[in-house]
Amino acid sequence: MSVFHKQNGSGAGTGRAGKSFSLLPYLWQYKWHYLVGVILLTAVDMANLYIPQYTGEMIDGLAAGAFGMAQVRGILLKLLFVGIVIMVGRFGWRYFIIGASRGVERNIRNDLFAHVETLSAGFFNHHKTGDLMAHFTNDLGAIRMAVGFAVITAFDAVAMTFMVLFKMIFHVSLKLTVLAFVPLILVAVGCYFYGVESKKRQTRRQEAFSALSDKVQESLSGIRVQKAFVQEEADFASIEAAGQECMKRNLSVVKLRMVFGPTLDLITGISMLLTLVFGGKMVLDGKVSIGQFVAFQSYIGMLVWPMIACGDCINTFSQAAAAFGRVREIFAAEPEITEPSLPLIGAEAVLTGDIVCDRLTFTYPGAQAPVLQDISLHIAPGEMLGILGRTGSGKSTFANLLLRVYDCDEGMLKIDNTPLNRISLTALHKNIAYVPQDNFLFSDTLEENIAFGLEERISEHPELSGQIVQAAKDACIHDNIIDFPEGYQTLVGERGVTLSGGQKQRSSIARALLMQAPILILDDSLSAVDTDTEEKILENILRLRKGKTTIVIAHRISTLQHADHIAVLSDGLLSEYGTHDELLQKGGFYANIYEKQQLEQELTAM
């Protein structure tokens, strides 16, 4: 059964508004965290500046013989105080800024997931699971690093550079400062070209990671098929190829960093060499003291960090820019199926189940020929409609149109004399219980899977257990469940892998019956069930569904013969319509299939 929920994200709201998606609203939520963090970071940088200054003062004082133990203790106490400020400040800015970045990541992830839930089936036809998982993990992680670590690094690099230059100019020598800083200008030019190339390589790297994630997810999901067809080696080769491509893209990023990093070291080394040569001469000439020269060398060392941080920031922001573009594409995707602005039937309405098809014609997006064409029929409340047809004749498409997985032209499909697109999506999905061909069970207990369609959670309403058991009995799965060691608390594994095909189908039927919805759609939901069990389930459905509309799609005549009307689809056209007896008398496709299946049953019995 398919249950659709519309959830609200917990993020910044306006930050996820389609193409206008922006990081600013998410960052604004944590403005005070960033403000306090920046203040603490500034305090740490200012405290760091005093360490070379106090060290130089001590050296000059001791060299001149002007310092006694009292003065030394005073300097040491100042250094201790500076150390405490640095320790507390570093803990504080990490707590506020890194914590804020985690909050931004959480809110974007919540909003992204909420947005993905609103998207229509067409979106998931073109976006694979592994690729979407890469958006939720790798891409959002890159954005978190940019709004956390990179913000700190960028501010710290800029602030530290200006503060250190100020100290170097006013505490030591302007001439020596200019001489030492000239080589560092080359860093600005290199950073620009590094940033441009880094963004390109980061984008290719993240695309390769998405491809690898998708391949691994697909291979693990289909591992049983791989083993059944002895394709482990071929699958491993494809995984290895995707891994090699991902490694190649990662190495391209690393190689760029490995060139940029040593280049920064070289420029910094040249700067320090110049200060050693010319600064040493200034000491010999008496223009600066030994303590000032030692302090200046320490300041030069402190400038190394901003240079390294410059490369790290560019790399992080480049990766985040590529990730942001990929995430923005998901936010920009608009749902094809939307809630009506002024619904004629509201969310809390209960439908009677009166369904009308008026020359229903539908063509899938991008397809040339219609999959359904000129279908007209009426299902009165309380009736059962059977649908029969060859594979690809449009049977499941009809069910998807009723559920508004896809939209047809307005007025072609009506429920309770109201066009489907004028009915609240919530009302539509609450009033239709659906058992699809691909029965999906969650990695949870059988009890939770059967109760999935209920608004109340079984953990909070244990009195629902009796209803769950009754639904399981009606679906003829109860006896199987109680034979399991854990009974209804049995974990079914991923996609219900621990159950047989028939057990998964009957569990899904029990889930649908428990909803007691006005409309029930069974899409080839008894194909994996033996004929005796099928007959019992159908008897229970006929008994339970009196006064409620039921649509049964099947390939077996035995599943359909008790329906009030049977529609036979052929190449998207309604080729035959009537009761079981009427269709047999016509001697067409339905009668032909019936004779063949009767012969099969007789041969099986013999």
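Residues numbered from 1 in each chain as written. Predicted model: local features only at pLDDT ≥ 70, side-chain atom pairs only at ≥ 80, totals over all residues. Heavy atoms only, no water.

## Some words on a nonpolar patch on the surface
Together, L77, L80, I84, M87 and V88 make up a nonpolar patch on the protein surface, roughly 520 Å² of accessible area in all. If you trace the backbone, L77 turns up in helix α3 (residues 69-118). Residue class for L77 comes out exposed when judged on its relative accessible area of 58%. (Patch = residues over 30% accessible without salt bridge, like charges linked within 9 Å, V, L, I, M, F, W, Y side chains within 5 Å. Areas by Shrake-Rupley, 256 points an atom, 1.4 Å probe, with all protein chains shown as cover. Salt bridge = Lys/Arg side-chain N within 4 Å of Asp/Glu carboxyl O. Helix = DSSP H or I, 4+ residues; strand = E, 2+ residues; numbered from the N terminus. Buried < 20%, exposed > 50% of the residue type's maximum accessible area, 1.4 Å probe, protein only.)

## Details of unusual backbone geometry
Although it is not a glycine, C476 sits at a positive phi angle of roughly 60 degrees. In this structure C476 comes out as partly exposed when scored by relative accessible area, which is 22%. Positive phi values are uncommon outside glycine, yet Q516 reaches one of about 55 degrees.

## Observations regarding the sheet that holds strand β4 (residues 413-415)
Read across the open sheet, the 4 strands follow the order β2-β1-β4-β5; overall the sheet is antiparallel. Edge positions in the open sheet fall to β2 (372-379) and β5 (418-419), since each of these has one partner strand only. Here strand β1 (residues 355-362) runs beside β2; their pairing, made up of 5 bridges, is antiparallel. Considered in β2, the bridge of C357 is made with L377. (Pairing = 2+ DSSP bridges.)

## Re the environment of G572
Within the element layout of this structure, G572 appears in the loop between β9 (565-570) and β10 (573-578). A residue is classified by how much of its surface remains accessible, and G572, at 0% relative accessible area, is buried. In sequence terms G572 and T361 are 211 residues apart; their C-alpha atoms lie 8.7 Å from each other. Setting aside residues up to four positions removed in sequence, G572 forms contacts with V371, L372, Q373, I375 and S393. (Contact = heavy atoms within 4.5 Å.)

## Points about the packing of aromatic side chains
As enumerated under the stated definition, the model contains 9 aromatic pairs in all. Here F440 and F442 contribute two aromatic rings whose centre-to-centre distance is 5.0 Å and whose plane-to-plane angle is 75 degrees, an arrangement assigned as edge-to-face. Note on F440: relative accessible area 32%, which makes it partly exposed. A centroid spacing of 4.7 Å and a plane angle of 35 degrees characterise the contact between F442 and F452, whose relative ring orientation is tilted. Placement of the pair is F442 in the loop between β6 (432-435) and α13 (446-450) and F452 in the loop between α13 and α14 (465-474), with a sequence separation of 10 residues. Its relative accessible area of 35% is what places F442 among the partly exposed residues. On the basis of relative accessible area, F452 is assigned to the partly exposed category, the value being 22%. (Phe/Tyr/Trp six-rings, centres within 6.5 Å; stacked < 30°, edge-to-face > 60°.)

## Observations regarding the confidence of the model for the chain
For the chain, per-residue confidence averages 81 on the pLDDT scale, and 88% of positions sit at 70 or higher. Note that residues 1-14 has pLDDT below 50 and, in this model, 37 contacts with residues that lie over four places away or in other chains. (pLDDT = per-residue confidence, 0-100.)

## Some points on the pattern of salt bridges
Per the stated rule, a full pass over the model turns up 10 salt bridges. R144 serves as the salt-bridge partner of E105, at 3.0 Å between the closest nitrogen and oxygen. Of the two residues, E105 sits in helix α3 while R144 sits in helix α5 (residues 129-172), which places them 39 residues apart along the sequence. Comparing E105 with R144 shows no difference in burial state: the two are buried.

## Details of the packing of α14 against helix α16 (residues 501-515)
One way to put it is that α14 packs onto α16 with a least axis distance of 8 Å and a crossing angle of 125 degrees. When the axes of α14 and α16 are compared, the pair comes out oblique. Once α14 is placed against α16, the crossing between them reads as right-handed. Listed contacts from α16 to Q467, I468, A471, A472 and D474 of α14 are A510, L513 and L514. Considering only residue class, the contact of α14 with α16 consists of 6 nonpolar, 1 polar and 1 charged. (Axes fitted to C-alpha atoms, helices over the stretch in contact; angles between N-to-C directions. Parallel < 35°, antiparallel > 145°, perpendicular 65-115°, else oblique. Left-handed = near helix turned anticlockwise from the far one by under 90°. Nonpolar A, V, L, I, M, F, W, Y, C, P; charged D, E, K, R; others polar.)

## Concerning the environment of Q503
By the secondary structure assignment, Q503 is in helix α16. In this structure Q503 comes out as buried when scored by relative accessible area, which is 13%. Linking Q503 and I481, residues 22 residues apart in sequence, is a C-alpha distance of 9.1 Å. The residues contacting Q503, other than those within four sequence positions of it, are I477, N480 and F484.

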